[in-house]
Amino acid sequence: MHAEKLDFEYILKSYEKKDTSLADKLFNVNIARTARNFHRQIPTFRQTPLYPLSQLADMLGVENIFIKDESQRLELNSFKVMGGSFAIYRFLQKKLGLSDKEMSYKYLLSKDCHDKLGTITFASATDGNHGKGIAWASRMLGHKCNIYVHRETSEARINAIKAFGANVTVVNGNYDDAVRQVAIDAEKNGWEIISDTSWPGYTEIPTWIMQGYTTMLLEAQEQLSGMGYFKPTHVFVQAGVGALAASVIGFYASLFKEDMPKFVVVEPNKAACIYESAKINDGNPHTVTGDLDTIMAGLACGEPSPIAWSVLKELVDAYVSVPDYIAARGMRILATPLKDDPMVISGESGAVTLGALYSMLTEKEMCKDLIEHLGIDKHSQILFINTEGNTDPKHFRQIIWDGCDPVPREYWTQR
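A. Structural view of the packing of aromatic side chains. In total, this model carries 16 aromatic pairs according to the counting rule given. Here the aromatic rings of Phe38 and Tyr105 are separated by 6.4 Å at their centres, their planes lie at 50 degrees, and the arrangement is tilted. Taken together, the residues span a long stretch of sequence, with Phe38 in helix α2 (residues 29–39) and Tyr105 in helix α5 (residues 105–108) at a distance of 67 residues. Overall, Phe38 belongs to the buried group, its relative accessible area being 2%. The class for Tyr105 is buried, based on a relative accessible area of 6%. With 6.1 Å between their ring centres and 10 degrees between their planes, Tyr252 and Phe256 make a pair best called stacked.

Printed below as a string of structure tokens:
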């Protein structure tokens, strides 16, 4: 399906019955509890807030909109540290041969642990937030870190990684080129790669990263329950390689089985590898090429994670591909809330899902079949994850203050 007026493309998927077997294996509630038990041992760890945007929900004609605000996660301004830190924990645990009962964050800092392990160099490619999380976790645990970024990575994001003691290498190419280069250099130098995308022969660590994200989903579900809601009816989640999307959707599918929410994956149209994989519809992940030139730096990925795609292809109800102005609109909506709704500081990748919903529900005729397919109505309770805060201050100000990436006039808000 294609809504030409909005420059907003979508694919609708129907199932006789959704297959939750892989989700049950990778993202069940016990795995989420294990991840959270580790994260809670980090001294500065705090649960991030879940905000209801009741006034915006009323304006859009749905029951409620909830935002899980990962801009307040530790000191990282992003959710990514949850996956990277848990993957490093699991890697070291396996290397030491310890059970969960024997293993602890405190032990990882001990002299005995470091005497057994020595100093390890962790490495990864990143668009910004994942690399920052790996750098932070490496420094906290007393290990070295090398991070590879692509040529379009902003200076602010590079400096944020360096601030946590990592060496940063800029690759003359896009994100996928950085992934390939760090794999070559890590093998040559004996570094340990902590990547959130998988490839043949490299699946265990990306799985651990995705499992680390489930801490925030367990938090969100408990917070929803505390507000009197059993579950969201819809979950909108953004995708780069698909790791976050797979963990979010896998967690909720495993938790609620036949009563699971409807799932929507949103991507930038200049880096829509999950969307293209769904469009080709042969069951395999497919790569998109080019510069991947989108303001959504955290989603500028051309090659899906095969593990993530294996989860998503069985569970997603709609795949959505949007232009950059949809993300910029979402940022401005969150930064200038309606009366009594909280202000949420969100970066481009964090706000795109809300921007997509707003565009859908304010241009209903253009998205009628999408809305009907998802069953969005006055009873809908929709969950979003603000995956990042203001991680690129210059560009953030250009969008919020200066109106960079404006919404075309014909789609301006009419109320």
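B. Quick look at the pattern of salt bridges. Tallied over the entire structure, the rule returns 18 salt bridges. Here Glu219 and Lys68 are joined by a salt bridge, their closest N and O atoms 2.7 Å apart. Here Glu219, found in helix α11 (residues 214–226), pairs with Lys68, found in strand β4 (residues 64–69); they are 151 residues apart in sequence, far enough to count as distant. Each member of the pair, Glu219 as well as Lys68, is classed as buried. Asp112 is the partner of Lys116 in a salt bridge, and the nearest nitrogen-oxygen pair spans 3.4 Å.

C. Region of the structure containing helix α12 (residues 243–256). End to end, α12 covers 20 Å across 14 residues, agreeing with the expected 20 Å (1.5 Å per residue, within 8%). A large share of α12 lies buried, amounting to 13 of its 14 residues. Just beyond α12, the residue with positive phi is Lys257, at close to 50 degrees.

Calculation notes
- Residues numbered from 1 in each chain as written.
- Predicted model: local features only at pLDDT ≥ 70, side-chain atom pairs only at ≥ 80, totals over all residues.
- Heavy atoms only, no water.
- Phe/Tyr/Trp six-rings, centres within 6.5 Å; stacked < 30°, edge-to-face > 60°.
- Helix = DSSP H or I, 4+ residues; strand = E, 2+ residues; numbered from the N terminus.
- Buried < 20%, exposed > 50% of the residue type's maximum accessible area, 1.4 Å probe, protein only.
- Salt bridge = Lys/Arg side-chain N within 4 Å of Asp/Glu carboxyl O.
- Expected span 1.5 Å × (residues − 1).

Bear in mind that shape data such as this cannot, by itself, settle questions of function.
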